[in-house]
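# Structural features, examined
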Amino acid sequence: MLSRIEQIIPLQWLGRQLFNREDPAAFFDPLLEKLNPMWVRQYVPAQVSAIIDETADTRTFVLRPAARWAGFEAGQHVNVGVGIDGVRHNRTFSLSSSPFQWHSEGTVTLTIKRLPGGLVTNWMHDHLEAGDVIGLGEAFGDFRLPETSEPALYIAGGSGITPVLSQLETMADSDYRAPVTLLYFVRTQADIIGAEKLHALRQRWPALTLKIIATAEGEAPEHLNDGHLRQVPDIKGRRCYLCGPEGLMDEANRLLQEHGIYGENIHSTFFSVPTATLLSDGLGGEVSFSRSGAGVNSDGDAPLLEIAEAAGLSPRHGCRMGICHQCSCRKTSGTVISRLTGKASGPGEETIQLCISVPRGPVTLDL
Ligand code: FES
């Protein structure tokens, strides 16, 4: 016969699982995921409703997020979570559709290019099918449209067009009257992402001037130069939006400054960490992880996220480029250098972003 203690332990255990957990969803989700993946609570599930080929290496995934998803503003990013071989991976992508589509049809789109060696992008291209469910985070990012209609210039390169597609479509749907010019740089005509959408926008929205420059076609390569900017009427009065590879962004910033456009009139969004030049002297050091008890020596300009992963830890993260703040973590001592700005932190306790922080000397993290 079971003792009194033996009789109550299972009840206590069940009670703890059901009521005392910090996150009950963590307990129920594996079961719900099997019954219906759209019922999970730990993240917002989004069902793939269609997949559209854009170019040889870029596809648009049309998603139907659960109704509790909070929506987004044109130009924002989301973290996407997928399970690959039993391990959950998160990556950040920008939404390429307009918020109007989310409100009217309940769908959003992500336009994703395969990255050479990219685990998640290649998996999405090779394995995702209509009907599958992936996880969607809440939208974030300050690459946003102005509150009132004002002249704008977009300079985009390659897959940097994705948040721009979202913004242009939103402007067209909100009767944005001020002139808008898009300079879109691609390698060849076959690499134009969103070609159909762009041409449709040009047809229905007279305020838009669209110029697509195929840099690898023609007799000589044609990259962004001052001639392109001189063709933009009243360029000095335009709000400028940049999105693309680092080289294009740097050149665009330099040329715009020559036209007297600076600071808050230039909005940029990045697809990789824009690295400040870090003086290599003194970078690296002993990194201690106080909660797990792990410790590792680092060398050179590796960021703390990579150092922690190399030490066998799995810190929470999303974009790996300093925009989503999911990797924010408490540093309890030591100095780190920001890969974005090249600036040093203070030596004491503060919150840092692991993906863009490089240790300079010994550092202790609450991990
Ligand atoms: S992972 Fe997104 S800010 Fe670090």
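Everything numeric in this text was worked out from a predicted model, so none of it was measured. (Residues numbered from 1 in each chain as written. Predicted model: local features only at pLDDT ≥ 70, side-chain atom pairs only at ≥ 80, totals over all residues. Heavy atoms only, no water.)

### Quick word on the overall build of the chain
Quick reminder of the rule: Per the convention used, a helix needs a DSSP run of H or I reaching at least four residues, while a strand needs a run of E reaching at least two, with both numbered from the N terminus. Remark: exposure states derive from per-residue accessible area (1.4 Å probe, protein chains only) relative to the maximum for the residue type, with buried under 20%, exposed over 50%, and partly exposed in between. Should any heavy atoms of two residues lie within 4.5 Å, those residues are counted as being in contact. To measure how exposed things are, a 1.4 Å probe is used in the Shrake-Rupley method; for residues, cover is taken only from the protein chains shown. Residues counted as positive are Lys and Arg, residues counted as negative are Asp and Glu, and His and the chain ends are not counted. Charged side chains are reduced to one point each, which is NZ for Lys, CZ for Arg, CG for Asp and CD for Glu.
Summing up its helical and strand segments, the chain has nine helices and 16 strands in all. Reported as C-alpha extents along the three principal axes, the dimensions of the chain are approximately 90 × 55 × 40 Å. The buried share of the chain, reckoned over its 367 residues, is 46%. Taking all contacts inside the chain whose residues are at least 6 apart in sequence as the whole, residues at least 24 apart take part in 67%. Roughly 18500 Å² of accessible area belongs to the chain as shown, and the carbon and sulfur atoms make up 51% of that amount. A distance of 4 Å separates the average location of the 32 positive side-chain charges in the chain from that of its 42 negative side-chain charges.

### Quick word on the domain arrangement of the chain
Let me state the cut-off plainly: In this document the domain limits rely on a domain assignment from an automatic tool or a database. Here's the idea: put two parts together, see how much 1.4 Å probe accessible area each one loses, and the total over both is what we call buried area.
As far as domains go, the chain holds domain 1 (1-42), domain 2 (43-136), domain 3 (152-269) and domain 4 (284-365). Domain 2 and domain 3 are separated by 24 Å when their C-alpha centres are compared. Note on domain 2 versus domain 3: buried area summed over both sides is about 1200 Å², and carbon and sulfur give 56% of it. When the buried area of domain 2 at its contact with domain 3 is split by residue, Thr55, Ser96 and Phe100 rank highest and sum to 32% of it.

### A closer look at unusual backbone geometry
Positive phi is not limited to glycine here, since Asp234 has a value of about 50°. When you line up the elements, Asp234 lands in the loop between helix H7 (226-230) and strand E10 (239-243).

### Topic: the sheet that holds strand E14 (residues 328-338)
Selection rule: For two strands to count as paired, DSSP must find a minimum of two bridges between them. All axes are obtained by fitting lines to C-alpha atoms, using only the stretch in contact for helices, and the reported angles, taken between N-to-C directions, cover 0 to 180 degrees.
Read across the sheet, five strands follow the order E13-E12-E16-E14-E15 without closing on themselves; strand pairing throughout is mixed. Since the sheet does not close on itself, it has two edges, and those belong to strand E13 (294-299) and strand E15 (350-353), each with one partner. Neighbour-to-neighbour, the strand axes of this sheet turn through a mean angle of 40°, independent of strand direction. Direction of pairing for strand E12 (residues 284-289) relative to strand E16 (residues 357-365): parallel, over a ladder of four bridges. The residue of E16 that forms the bridge with Val287 is Val363.

### Details of the packing of aromatic side chains
The condition that has to hold: Note on aromatic contacts: the rings of Phe and Tyr and the six-membered ring of Trp form a pair at centre separations within 6.5 Å, being stacked when their planes are under 30 degrees apart, edge-to-face when over 60 apart, and tilted otherwise.
Tallied over the full model, the rule gives four aromatic pairs. Ring centres of Trp69 and Trp102 lie 5.1 Å apart, and the angle between their planes is 80°; this geometry places the pair in the edge-to-face category. Of this pair, Trp69 sits in the loop between strand E2 (58-65) and strand E3 (77-84) while Trp102 sits in helix H3 (residues 99-105), and the two are 33 residues apart along the sequence. Here Tyr154 and Tyr241 contribute two aromatic rings whose centre-to-centre distance is 4.8 Å and whose plane-to-plane angle is 15°, an arrangement assigned as stacked. Of this pair, Tyr154 sits in strand E7 (residues 152-157) while Tyr241 is found in strand E10, placing the two residues 87 residues apart along the sequence. Tyr154 sits in the buried class, given a relative accessible area of 0%. With relative accessibility at 1%, the residue Tyr241 sits in the buried group.

### With respect to the pairing of E10
The test is simple: By convention, a crossover is right-handed whenever its connection, traced from the first strand over the helix to the second and viewed with the strands pointing away, goes clockwise.
Along E10, five of the five residues are buried, which leaves the element largely enclosed by surrounding structure. Going residue by residue along E10, you find Arg239, Tyr241 and Cys243 tucked away on one face and Cys240 and Leu242 tucked away on the opposite face as well. The sheet contact formed by E10 and strand E11 (residues 266-269) spans four bridges and is parallel. If you follow Cys243 over to E11, its bridge partner there is Thr269. Between E10 and its parallel partner E11, the chain crosses via helix H8 (residues 246-258), and the hand of that crossover is right-handed.

### Quick look at the confidence of the model for the chain
Just so we agree on the cut-off: You can read pLDDT as the predictor saying how much it trusts each residue, on a scale of 0 to 100.
Taken as a whole, the chain shows an average pLDDT of 88; of its residues, 90% reach a score of 70 or greater. Between residues 1-9, whose pLDDT stays under 50, and residues either more than four places distant or in other chains, the model counts one contact.

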